[in-house]
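Analysis of the macromolecular model
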Amino acid sequence: MPTPSRYWREIPQRYRLEAGKCRNCGFVAFPPRAICPACKAREFETITLADAGKILTYTIIRVPPQPFVDQAPYAMGIVELDDGVRLTGQIVDCDFEELKIGRRVKIEFRKIFQEGESGVIYYGYKFVPE
Amino acid sequence: MREVAVIGVGMTKWGELWEKSLRQIFVETALLALDDAGVDRIDSLIVGSMSSGLFVGQEHVASLLADYLGQTPVPAARVESACASGGLALRMGFIEVASGMADIVLAGGVEKMTDVNGHEATYALGTAADQEYECFHGITFPGLYALIALAHMEKYGTTREQLAMVAVKNHDNGSLNPLAQFPFKITVDSVLSSVLVADPLRVLDCSPITDGAAAVVLCSVEMAKKLKKPIVKITGSGQATDTIALSSRKDITWLESTFQAAKKAYAMAGKKPEDIDIVEVHDCFTIAEICVTEALGLVEKGKGGKAVEEGLTALQGKIPVNASGGLKAKGHPVGATGVAQAVEIVKQLRGEAGPRQVKEAKVGLTQNMGGSGGSTVVHIFERA
């Protein structure tokens, strides 16, 4: 079981969707990077990602990893946000039959999983139909 | 740089090897390679293993295996690049011989995956994806390749049946390989009626959990000539990376690391895709083989599914892909896979592949990939 520090140090990204925007070429890195992969510049400003976008591709996980055993089957997708950044996450509050490439979704703050009966509860972003 | 030859290859029967430990599996296989080469000493040992720590609780395996092979005090190193660890071991061995740092190198790979239960194995394999931004949300490897599959189907019209045909072809080939974990044929219907793992991928689209090892002995071509052994040269070696998170890529259907690694290997060997006679690729999932054949330039972008349907990549086709049965039928002990691909190509180029022998095979290529394409190693082999 990881220490709580592994959890809280990701909070700027998981809770606040903080990304790094290259001051030279405008490339947005999420999570932030030290060097821009596009132009190799090292100056970034912190921005907040767009909170909605569209489904690029999706799947339904039927054989889950251990922490998600009680959630399966569940839908996951890669969503392209309105600012062009792409995220992987669960798509919830949506019947599997209604999943569609191109469908609009928005980001909501949700519980992701918890470690056993008394372990840390992990929160983060999920996608719901707009 | 010195020219490098493969002078010995070894592989044992793959499967769920309950009676054998990691060290036993590796040593048996390495001995076959040493005997095939006719040598009893090496200057260096390179071992590919993705996760001996999570699978059997043992790190420091390179020294352990040097010890059990009776080769201490030779230098030994374990290399890791997820499922491309074996291909990377081969490349590191190639670099040692080519540079003159070592004369005879044993490059091997091993994974003992059945000492843990299914959930633990799924977790161990999952560590090849981005823990904090992919696995954290509940993705799995079949899930990542399912995301690629649906995007490929949407963009290029690849069909569910074409995916199934990859598995059917590789089992056809695997049925001719007695060392394969699943040496039997399957049908498109059996793939399409197998249980869903991550839509649209079903269990028969997925490579299995396997115990196994593979090994090759490398030396300079000059030395190989003195040893009077059949020589297969490694004429190209390329390696490349990409973002490990699938979502960070510009095109989800395109394996840029494979394209880049192949470009380097083709340039080093002075070959083009049309010069290649036989290929072993990383079909961890059926969709992977389709995307890989495109990134290697063997087929046009978007035409990988059609190529399988038309029989282009079958054993008797224009460019046979995965004559060994591939990861799907032969098995996928992750650290060993990249080395086993080299074993197959060397056997094919020597004309020793038995009922699955590809006629007139002179130039072969291996492509070994880590994660959802975050790393790739490509090698080109030629009969001397």
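Residues numbered from 1 in each chain as written. Chains lettered and ligands numbered in written order. Predicted model: local features only at pLDDT ≥ 70, side-chain atom pairs only at ≥ 80, totals over all residues. Heavy atoms only, no water.

Some remarks on empty space enclosed by the protein
All names here are of chain B. Note the cut-off: As defined here, a cavity is a set of points on a 1 Å grid over the protein atoms alone where a 1.4 Å probe fits but cannot get out. A pocket is an open set with protein on both sides within 12 Å along at least five of seven lines, and residues line them when an atom is within 4 Å of a point. Grid points are joined across faces, edges and corners, and a volume is the space filled by probe spheres set on the points. Here a helix means four or more residues in a row that DSSP labels H or I, a strand means two or more in a row labelled E, and each is numbered from the N terminus. Each residue receives one of three labels: charged for Asp, Glu, Lys and Arg, nonpolar for Ala, Val, Leu, Ile, Met, Phe, Trp, Tyr, Cys and Pro, and polar for the others, Gly being one of them.
A full pass over the atoms with the stated rule returns 1 cavity of 30 Å³ or more. For the largest cavity, the calculated volume is near 50 Å³. Every residue along the wall of the largest cavity is listed here: M11, N177, L179, S324, K330, A340, V343, E344, K347 and R356. With 4 residues, the top contributor of residues to the lining of the largest cavity is helix 14 (residues 334–350). Taken together, the residues of the lining of the largest cavity break down into 4 nonpolar, 2 polar and 4 charged.

A few points about the domain arrangement of chain A
Residue and element names in this part refer to chain A. Quick note on the threshold: What counts as a domain boundary in this text is fixed by an automatic or database domain assignment. Only heavy atoms enter the contact rule, under which two residues are in contact if any of them lie within 4.5 Å. What gets called buried area is simply the loss in accessible area from a 1.4 Å probe that two parts show on being joined, summed for both. Just to be clear on terms, a salt bridge is a Lys or Arg side-chain nitrogen sitting within 4 Å of an Asp or Glu carboxyl oxygen.
Along its sequence, chain A is carved into domain 1 (1–49) and domain 2 (50–130). Taken over C-alpha atoms, the centre of domain 1 sits 20 Å from the centre of domain 2. The partner domain 2 presents 15 residues to the 11 residues of domain 1 that form the contact. Counting each side, the surface lost to burial between domain 1 and domain 2 is near 1100 Å², with a carbon and sulfur contribution of 73%. For domain 1, the biggest contributors to the area lost against domain 2 are Y7, R14 and L49; these three give 45% of the whole. Across the contact surface, domain 1 and domain 2 share 0 salt bridges.

What to know about the interface of chain B and chain A
Stated formally: Any pair of nitrogen or oxygen atoms within 3.5 Å is treated as a polar contact; in protein, a donor-acceptor pairing is required on top of that, and neighbouring residues in sequence qualify only through side-chain atoms on both sides.
Taken together, the contacts link 27 residues of chain B with 35 residues of chain A. Carbon and sulfur atoms supply 58% of the area that chain B and chain A bury against each other, a total of about 2800 Å² over both sides. For the pair chain B and chain A, the number of links is 3 salt bridges. We note a salt bridge from B:E132 to A:R6, for which the minimum N-O separation is 2.9 Å. Viewed at the interface, chain A and chain B are joined by 15 residue pairs in polar contact (both at pLDDT 80 or more). Listed by contribution, the elements that provide at least two residues to the side of chain B that touches chain A are helix 6 (141–156) and strand 5 (196–198) of chain B. Here the side of chain B that touches chain A gets 6 residues from one element, more than from any other, and that element is helix 6 of chain B. Taken together, the residues of the side of chain B that touches chain A break down into 13 nonpolar, 8 polar and 6 charged.

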